[in-house]
Amino acid sequence: GEEWKGEPNPSIYIFEWSHDSQYLYFNYRLFADGYQPLMDKYDLQRINVTTGVIEKVLSGTGRMDFMFSPNQEYLVFTRRQDVPRQIIIRKTSDGTEQSISSPEWDKDAEIGGFDWSPYQNNILRFLTFSEDWEQIQVYTLDIQDTSIQLNYEFWRDEFYLDSWTPNNALRYITFPAKEITEINIAMP
């Protein structure tokens, strides 16, 4: 894998198994002091557990964020090397890719924190953040029509995602009061 230079040093992590148990996906992950970057993974690889062959899954170098859809039909990822920033949706069956970008995502934007809705297979949540903004933007993405929607914006130390609710809303808890906020993400 790609060797990390400097501090802090990352660790290797088991990402997930393929549904057929043929492959074990793994990656390296960076943990930093201060805030945790959204693009904190790199070098997604898989090992064929029958043959022992290791292969790289994502091309590119440097920090990334990625997530398989629950049925592993799609791999959604973003790479720090891409300017302007973009989200790439790869269909795992044939490797075809679509990319989505926005004029608001400049070269300093972090994109990540992917989280699939357990109630609607084609919807996922992601975050954007920039040191200049000091705010986190919460978007939802419909992978069927590649539409994105900005749902909420908050200062980075105010909320954290608690869960998706059965009515497909995002549930957040505030710092430090522990109050619950639900955000309806009805797609257009």
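Below or above, wherever it landed, is the structure these notes cover. The structure presented is a predicted model; accordingly, all values stated were derived computationally and were not measured. (Residues numbered from 1 in each chain as written. Predicted model: local features only at pLDDT ≥ 70, side-chain atom pairs only at ≥ 80, totals over all residues. Heavy atoms only, no water.)

A look at the pattern of salt bridges
And step 1. In this structure the tally under the stated criterion is nine salt bridges.
And step 2. Of the charged contacts, one joins Asp65 and Lys41 as a salt bridge, the two residues approaching to 2.4 Å between their closest N and O atoms. On the criterion of sequence distance, the pair formed by Asp65 in strand β5 (residues 64-68) and Lys41 in strand β3 (residues 41-48) is long-range, its members being 24 residues apart.
And step 3. When its relative accessible area of 3% is taken as the criterion, Asp65 is described as buried.
And step 4. We note a salt bridge from Glu55 to Arg46, for which the minimum N-O separation is 2.9 Å.
And step 5. One connected set of salt bridges, linked through shared partners, spans Arg29, Asp40, Lys41 and Asp65. (Salt bridge = Lys/Arg side-chain N within 4 Å of Asp/Glu carboxyl O. Helix = DSSP H or I, 4+ residues; strand = E, 2+ residues; numbered from the N terminus. Buried < 20%, exposed > 50% of the residue type's maximum accessible area, 1.4 Å probe, protein only.)

Structural notes on the side chain of Ser117
And step 1. Mapped onto the fold, Ser117 is located in the loop between β9 (110-116) and β10 (123-129).
And step 2. Within polar-contact distance, the side chain of Ser117 engages the backbone nitrogen of Gln120 at 3.2 Å.
And step 3. Sequence-distant contacts of Ser117, defined by excluding residues within four places in its chain, comprise Ile123, Leu124, Trp164 and Asn168. (Polar contact = N/O pair within 3.5 Å; in protein donor to acceptor, adjacent residues only side chain to side chain. Contact = heavy atoms within 4.5 Å.)

Section: the pairing of β10
And step 1. Counting buried positions along β10 yields seven of seven residues, so the element is predominantly enclosed.
And step 2. Where burial is concerned, the two faces of β10 agree: the one with Ile123, Arg125, Leu127 and Phe129 and the one with Leu124, Phe126 and Thr128 are both buried.
And step 3. By the bridge criterion, five bridges tie β9 to β10 in an arrangement that is antiparallel. The partner of Glu110 across the bridge, within β10, is Phe129.
And step 4. Turn length for the β9-β10 hairpin, with the two strands adjacent in sequence and antiparallel, is six residues.
And step 5. Summarising the sheet, β10 and strand β11 (residues 135-142) pair through seven bridges and their orientation is antiparallel. Directly across from Leu127, in β11, lies its bridge partner Val138. (Pairing = 2+ DSSP bridges.)

Structural notes on the nonpolar core
And step 1. Ile87, Phe126 and Leu141 are the most contacted members of the largest nonpolar core, which has 15 residues in total.
And step 2. Counting residues per element, this core draws most heavily on β9, at three residues.
And step 3. By size, the runner-up hydrophobic cluster in this structure holds 12 residues, among which are Phe15, Tyr25, Leu44 and Phe77. (Core = buried A, V, L, I, M, F, W, Y, C linked by side-chain atoms within 4.5 Å.)

A word on unusual backbone geometry
And step 1. For the bond running from Val83 to Pro84, omega is 0 degrees, close enough to zero to count as cis.
And step 2. One can find Pro84 in the loop between β6 (74-79) and β7 (87-91).
And step 3. Positive phi is not limited to glycine here, since Asp43 has a value of about 60 degrees.
And step 4. Among the residues examined, Asp43 registers a relative accessible area of 3% and is labelled buried.
And step 5. In this model, Gln72 sits at a positive phi of 60 degrees, which is unusual for a non-glycine residue.
And step 6. Mapped onto the secondary structure, Gln72 falls in the loop between β5 and β6.
And step 7. For Gln72, a relative accessible area of 11% translates into the label buried.

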